[in-house]
Each structure stands twice: as C-alpha cells, then as structure tokens.
Amino acid sequence: MNAADPHESSAAYVLHALPEEERRTFEEHLAGCEQCQEEVAELRATTALLGRATAEQPPGALRDRVLSQVAATPQETRPRAEAPGPRAGEPGSDTRTKARRRGPARTLRLALAASVAVALVCLGLAGWQWREASDAKDHAHQVEAAAEKHVRQVEADANRAETQQRNVTRVLTAPDVRLQTQTLSDGATASVTFSRSEDSATLAVSGLPALPEGRTYAAWFMEDGTPVPAGLLTGNPERRVTLLKGTLDNASAVALSVEPAGGSPQPTTTPLGAVPLYA
C-alpha cells in the first residue's frame, strides 16, 4: 500500500492485489474513510459486471492481464507549479486535499473499467464462437444421421428388389409354368404367368391408361368368386413384371381394378377384367 497516500490502494484492494500486511492496514484505514468506502464500492460494482455478463469460465490469465494493464496505465502527472492554496485548517483546504486524492484512484477506476470491457468483449466473442462451433457440430451429426438413414433405406429397397427378382425368376423357370393373357374392358392387355408348384404368379400389363393422383391399380386373386388382395401396381406397371402377393391356393383367376392409393380390403370399383388360371 502507498504509505504516503492510502487512498491510492483502493483498486489494488478490490483486485486482491495487496500483500497481507498492506491489506490489513488498508482495511483499518477503510473503516474510517468515507471516500475510500465509496471508491471500493464503485470498483466492486464494476468488477461484478464481469461475473454477470457471461456464464463462460474466464481464462486463468485474465486477472494477470487486468493487473498488467492497470500497472501500465500512466498516472496523472503533478503540475510543475501549483498555486498556493489554503493551509491546513483554513477554509477550502479539505476540499483540495480530497480532490488530489481522487485523481489517481479515479484513473485506476477508469483503467479497470476499460480492462473489464475488453475482457467482456473477448469472452463474448469466445462464447459466440463456441456456440457457432456447437451448432455446426450438431448440424453435421444431423446430416450424418440423415445420410445413414438414406443408405439403410437404399439397401433395404435393393434387398427387396433382389428378393422379388429371384422369386419372379423362380416362377418363370418353373417346370409347370403357365402363361394366360386377357384383354381388359378398357382395351389394355393383362398377362399372368403362374406356377402351381411354386404357388406364385406374376402379372404384366400393357395399354393401361395413366390414373389421376390418389388412384392406383390393384390385383386380386379370385377364390370361389371372392376377391383376395394380391398387391398394387405402383409406379409405371407397364415397365415391370409384378410378383403378386400371397399364394395361389384355390385361385381360379387374377382380376384388376382401380382403387384409392394405398389399396382397399375389397374392390371399390367394377374390375376391368380377370385373367383365368387354367392348370
């Protein structure tokens, strides 16, 4: 502590920069000095801004940087010649003494405020950068998860297509394979290839008109006059051979109708026609 003027130790006291002995001495002085009490309160309020401004953990070297800036801040210089003023005990002498004491302490307070402002800006930028990096990492994880989901979906679709192609090949190459063709009511042609030994059938069509949105073609196995769902002809049915779902069992024909998208448990329209399944 400055032995000549203890008022200049207010900033160092607030920053916990006084040695133990000087701290105790200053606290004894502080107990009876209203001016120092006011300055300590102001300095503590200023430094408290740092703690409230951000929840980020401040760098460990922040205190040393603030102290070094305070130490490097030039103090007010004394005038070369000072006009004679009132002597001690004369009117006005106490006011001039307080003004001289406030000078260095006010400079330290301004320097401390500037240092705190710089630290707040630095910590604010660091927090913003951390949030940006965290958001970018979250986005990358979302993109990665979406890509993995897409890959799994593509693999599942490829496996289904491969399985269906194997089943179609098994029907077409069966020793008892049969082919039946029928002209439908709208002029289109439907061909059914079936195998009783494989208990499966395929359907190929040509000349079917395009349907409006929300409608699809549906196939049915006719068993004793009762339609049993055999699958939907999705996409462009003329470009593929559709493996009908289910087994032949006692099916005597394959019928085709127009249904709502997603299908229905029973035909909702009059079938376009039926391809008989002769043994």
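One numbering rule holds for all chains: residues counted from 1, following each sequence as written. Local features in this predicted model are restricted to residues of pLDDT 70 or higher, and side-chain atom pairs are both shown and tallied only at a pLDDT of 80 or more, whereas totals for entire chains, interfaces and linings draw on every residue. Note that the side-chain values use all heavy atoms of the structure and ignore hydrogens as well as water.

*Asks:* When you look at the pattern of salt bridges in this model, what are you seeing that I'm missing?
*Replies:* For side chains bearing opposite charge, pairing can occur when the charged atoms are close. Here, a salt bridge means any Lys or Arg side-chain nitrogen found within 4 Å of an Asp or Glu carboxyl oxygen. On inspection of all chains with the given rule, the structure shows 5 salt bridges. With its nearest N and O atoms 3.3 Å apart, the salt bridge here joins Glu-20 to Arg-24. With Glu-20 and Arg-24 both in helix H2 (residues 20–30), this residue pair falls 4 residues apart, about one helical turn. On the basis of relative accessible area, Arg-24 is assigned to the partly exposed category, the value being 42%. Glu-198 is the partner of Arg-170 in a salt bridge, and the nearest nitrogen-oxygen pair spans 3.0 Å. A residue pair is termed long-range when its members are at least 10 positions apart, and Arg-170 in helix H5 (residues 93–172) and Glu-198 in the loop between strand E2 (189–195) and strand E3 (200–206) qualify at 28 residues. Overall, Glu-198 belongs to the partly exposed group, its relative accessible area being 29%. If you follow the salt bridges from partner to partner, you end up with Glu-20, Arg-23, Arg-24 and Glu-27 in one network. Numbering of helices and strands starts at the N terminus; helices are DSSP runs of H or I of at least 4 residues and strands are runs of E of at least 2. The classification of residues rests on relative accessible area computed with a 1.4 Å probe and restricted to protein chains. Under 20% of the type maximum is buried, over 50% is exposed, and intermediate values are partly exposed.

*Asks:* Hey, could you run me through the sheet that holds strand E7 (residues 253–260) in this one?
*Replies:* Note on sheets: strands pair through backbone hydrogen bonds, and any given pair is parallel or antiparallel. In this analysis, strands are considered paired if DSSP registers two or more bridges between them. The antiparallel open sheet is built from 4 strands, whose spatial order is E5-E4-E7-E8. Edge positions in the open sheet fall to strand E5 (226–233) and strand E8 (273–276), since each of these has one partner strand only. Averaged over neighbouring strand pairs, the angle between their axes works out to 30° when direction is ignored. Pairing between E7 and E8: 4 bridges, direction antiparallel. Note on E8: the bridge partner recorded for Leu-256 is Gly-273. Angular values range over 0 to 180 degrees, each being the angle between N-to-C directions of two axes fitted as lines to C-alpha atoms, with helices fitted over their stretch in contact.

That's the geometry; what it means functionally is another story.
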